[in-house]
Amino acid sequence: MMDTKRTTFQNKWLPYVLLAPQLFITLIFFIWPAGQAVKSSFEREDPFGFSTVFVGLQHYARLMQDPNYLDSFLRTAVFAVAVTVISMLLGLLFAVAVDRLMRSARVYTTLLVWPYAVAPVVAGVLWFFLFNSSTGILPYYLSFFGIKWDHNLNGTHAMILIIIAAAWKQISYNFLFFLAGLQSVPHTLMEAAAIDGSGPIKRFFDISLPLLSPTTFFLFIVNVNYTMFDTFSIVDATTNGGPAQSTNILVYKVYQDGYLGLNLGSSSAQSVLLMLIVIVLIFVQFRFVERRVQY
Amino acid sequence: MASIDIESVGKVYTGNVRAVTDINLAIKDGEFIVLVGPSGCGKSTLLRMLAGLETISEGAVKIGARVVNQVEPADRDIAMVFQNYALYPHMTVRQNLEYGLKNRKTPKAEIDARVAEAARMLEITQYLDRKPRALSGGQRQRVAMGRAIVRKPSVFLFDEPLSNLDAKLRVSMRGEIKRLQRRLGTTSIYVTHDQLEAMTLADRLVVLNGGKIEQVGSPLEVYHTPASTFVASFIGSPAMNLVKAECQGDKLVIGPAMISLNGYAPTSGAVTVGMRAEDLRVVTGDKGMPFAVEYVEELGSQRLVHGVVGDQSLTIALSGETEIPANMRIDIDPAKLHFFAQADGKRISAADRSGAAADAPSPAPVA
């Protein structure tokens, strides 16, 4: 289709030279480690690292029967769904609010994007302090409602803490995409719907939301990916997976079992499984997000 | 069905930008009114104020007997056709047509009947289950009209609905809109910048310029007795020739040329004289004005001859076969001259008929 505009190069090796740096980085930092992980997930290493034995699918089989691992799976699902839903709903809410603004929309946009610039570990620490059971301001207010907040002892509290910290950081990202999506809905559609007797709220659900569905689907995938992979530092900075494994999500468990527990085989198997989940998500995204446009 | 009264309506945007000034217009029930003018003349703003999409800064708009200034668009009993159609892209044609009726809690049987009727009228029945993106521009236009028709509103508002179509389709859709409006008898207000569209559709034309009404009248009134140089140059194609001239008694002096007025002189001194291209004719001998031909546009049925009298440009429309002589002289029946004041461009009429034109009855029977 773009044949007429395509420039063709006679040089055979130039394209490869231009691609080489990126390919090199991808190979060294992504493909090779991933390959190593896959390889070591089939092996067992002795405690001193002198010998490795091929054990086949043993690590995977054990994981499937390990209640700790299956628990972690469940916790990750709760965490991922909660973070995705909260951050997308709030992002959409803020986008709708800013979209309705005539003036100072830019100021709000700028302010709302700031949390995205905060490093995850800093976001984690911020919320850790806000929720600190002895000095934090939020437990102080919660105490008026009879809630004794302590995320060091209470697993539910700890989970809520990392959900809030992870969602807070992601709201900005969702907000930006939703705002762009809302602003690309033609204004006359809204006017036509207004004349058709549809109020502002009904217009949002009948017109804006369906037209946003490609954006929503894209963000859903991206957010689930984010919670599965990018939330390691939030957990590490706040709860360390505790108390009693209650916030030990898959990506943190890989680190804990492998790096702290030195169970490299099992850790590798876990990371391979995590990688498979993400590959499926990415596949779904590329397969459907491009095509499954609602209109 | 409803009449519309527009009383001293004006629009001022924030920052004191004035878009529309003191519009007064009484629209009768069932009338087809066309608002015409160049870009930025306030015609769309006026239409959007009628629709309720813009607030009315000054004056009052009545639809039927009710002042609608504070009434929501949905409750004004109007339907609007937009320039870009504004079809809901995620809904099928049927859903697009049904949407307004469903919002008004119309019974299902009634909705089906109305959709079927509108679809039949517009010949879109076979497309009812398609999405708008699977339709051509003309088909989308029909769906947009269908969405307006099914509501059975008192007033149709059209905001340049044909300007996104190609020339041929525009002509056929133009006829269809006119036919439909005649059949339904719904009061309609139509905005366009295309003077041909305005002439062919309107019962009455409203020519706007700079946010003010220049002239209101039937197409032929506006064509034959334009109220100002602006209207004269805007309505009619090719545009009316406007030249600077001077009335000296019973003679009209245009640069080096002079023509006899035979008692038609309405004034004396400097004037702007308007001459329709088709009213000018070629004469032989030494009558009329010397005309230096610059170039000729061949339209098949007509040839448009462009040239100068003195240093002022003129265009003459001649029938296709007319010979163009080497030393051309042109003349005009003095009764067909239009005189305008040079200061404000307003029409000067000996019998002062310009006032009478504005409130003549319409639609005028075409002889």
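Before reading further, recall that the structure is shown in the block above.
Residues numbered from 1 in each chain as written. Chains lettered and ligands numbered in written order. Predicted model: local features only at pLDDT ≥ 70, side-chain atom pairs only at ≥ 80, totals over all residues. Heavy atoms only, no water.

Participant: Can you break down the overall build of chain A residue by residue, with the values?
Facilitator: Secondary structure summary: chain A contains 12 helices and two strands in total. Each helix (α) and strand (β) of chain A, taken in turn from the N terminus, gives the series α-β-β-α-α-α-α-α-α-α-α-α-α-α. Viewed in the frame of its principal axes, chain A has a C-alpha envelope of about 75 × 75 × 30 Å. Counting over 295 residues, chain A shows a buried share of 41%. Considering only contacts in chain A between residues 6 or more positions apart, those separated by 24 or more positions represent 66%. Positive and negative charge centroids in chain A, built from 18 and 15 side chains respectively, lie 7 Å apart. (Helix = DSSP H or I, 4+ residues; strand = E, 2+ residues; numbered from the N terminus. Buried < 20%, exposed > 50% of the residue type's maximum accessible area, 1.4 Å probe, protein only. Contact = heavy atoms within 4.5 Å. Lys, Arg positive; Asp, Glu negative; His and termini not counted. Charge placed at Lys NZ, Arg CZ, Asp CG, Glu CD.)

Participant: Break down the pattern of salt bridges for me, citing the residues and quoting the values.
Facilitator: Residue and element names in this part refer to chain B. Tallied over the full model, the rule gives 20 salt bridges over all chains. Linking Arg48 and Glu54 is a salt bridge whose minimum nitrogen-to-oxygen distance equals 3.3 Å. The residues Arg48 and Glu54 share a single accessibility class, namely buried. Residue Arg303 is joined to Glu298 by a salt bridge in which the shortest nitrogen-to-oxygen separation is 2.5 Å. On the basis of relative accessibility, which here comes to 17%, the residue Arg303 falls in the buried class. (Salt bridge = Lys/Arg side-chain N within 4 Å of Asp/Glu carboxyl O.)

Participant: Got a sec to walk through the nonpolar core? Specific residues and values, please.
Facilitator: Grouped burial of nonpolar side chains is what soluble globular proteins tend to show. Counting 46 residues, the largest nonpolar core has Val34, Val36, Ile124, Ile177, Tyr190, Leu205 and Ile235 of chain B as its most contacted members. Here Ile124 of chain B is in contact with Val93, Leu97, Ala119, Arg142 and Val143 of chain B, once residues within four sequence places are set aside. Formed by 45 residues, the second largest nonpolar core is a distinct cluster that contains Ala193 of chain A together with Leu53, Phe82 and Val206 of chain B. (Core = buried A, V, L, I, M, F, W, Y, C linked by side-chain atoms within 4.5 Å.)

Participant: Account for a nonpolar patch on the surface, with residues named and values stated.
Facilitator: Residues and elements named next belong to chain A. On the surface, a cluster of nonpolar side chains totalling about 890 Å² of accessible area is made up of Phe24, Ile25, Leu27, Ile28, Phe29, Phe30, Ile31 and Trp32. As for its position among the elements, Trp32 is in helix H1 (residues 14-40). The class for Trp32 is exposed, based on a relative accessible area of 53%. (Patch = residues over 30% accessible without salt bridge, like charges linked within 9 Å, V, L, I, M, F, W, Y side chains within 5 Å. Areas by Shrake-Rupley, 256 points an atom, 1.4 Å probe, with all protein chains shown as cover.)

Participant: Give me the pairing of strand S4 (residues 58-63) of chain B: which residues, what numbers.
Facilitator: Residues and elements named next belong to chain B. The sheet contact formed by strand S1 (residues 4-13) and S4 spans five bridges and is antiparallel. The residue of S4 that forms the bridge with Gly10 is Glu58. Across two bridges, the pairing between S4 and strand S5 (residues 66-67) is antiparallel. Its bridge partner lying in S5, Lys62 is registered against Val67. Between S4 and S5, which follow one another and run antiparallel, lie two residues, and Gly64 among them has a positive phi close to 70 degrees. (Pairing = 2+ DSSP bridges.)

Participant: Any details on the packing of aromatic side chains? Residues and values, ideally.
Facilitator: For the coordinates displayed, the defined rule picks out 24 aromatic pairs over all chains. Taken together, the ring pairs in this structure connect Tyr116, Tyr173, Phe177 and Phe218 of chain A into an aromatic cluster. Between Lys11 of chain B and the ring centre of Tyr13 of chain B, over which it is positioned, the NZ or CZ distance is 5.0 Å. Over the face of the ring belonging to Tyr88 of chain B we find Arg147 of chain B, whose NZ or CZ atom lies 4.8 Å from the ring centre. (Phe/Tyr/Trp six-rings, centres within 6.5 Å; stacked < 30°, edge-to-face > 60°. Lys NZ or Arg CZ within 6 Å of the ring centre and 35° of its normal.)

Participant: Requested: an account of the interface of chain A and chain B, with residues and values cited.
Facilitator: Every contact between the two is made by 17 residues of chain A and, on the other side, 24 residues of chain B. In total, about 1700 Å² of surface goes out of reach between chain A and chain B, with carbon and sulfur atoms giving 61% of it. Taken together, the connections running from chain A to chain B amount to two salt bridges. Of the charged contacts, one joins Glu191 of chain A and Arg48 of chain B as a salt bridge, the two residues approaching to 2.6 Å between their closest N and O atoms. The interface formed by chain A and chain B includes 14 residue pairs in polar contact (both at pLDDT 80 or more). Among the secondary structure elements, those contributing two or more residues to the side of chain A that touches chain B are helix H8 (187-195) and helix H9 (200-229) of chain A. Looking at side-chain class alone, the side of chain A that touches chain B contains nine nonpolar, four polar and four charged residues. (Buried area = accessible area lost by both parts, 1.4 Å probe. Polar contact = N/O pair within 3.5 Å; in protein donor to acceptor, adjacent residues only side chain to side chain. Nonpolar A, V, L, I, M, F, W, Y, C, P; charged D, E, K, R; others polar.)

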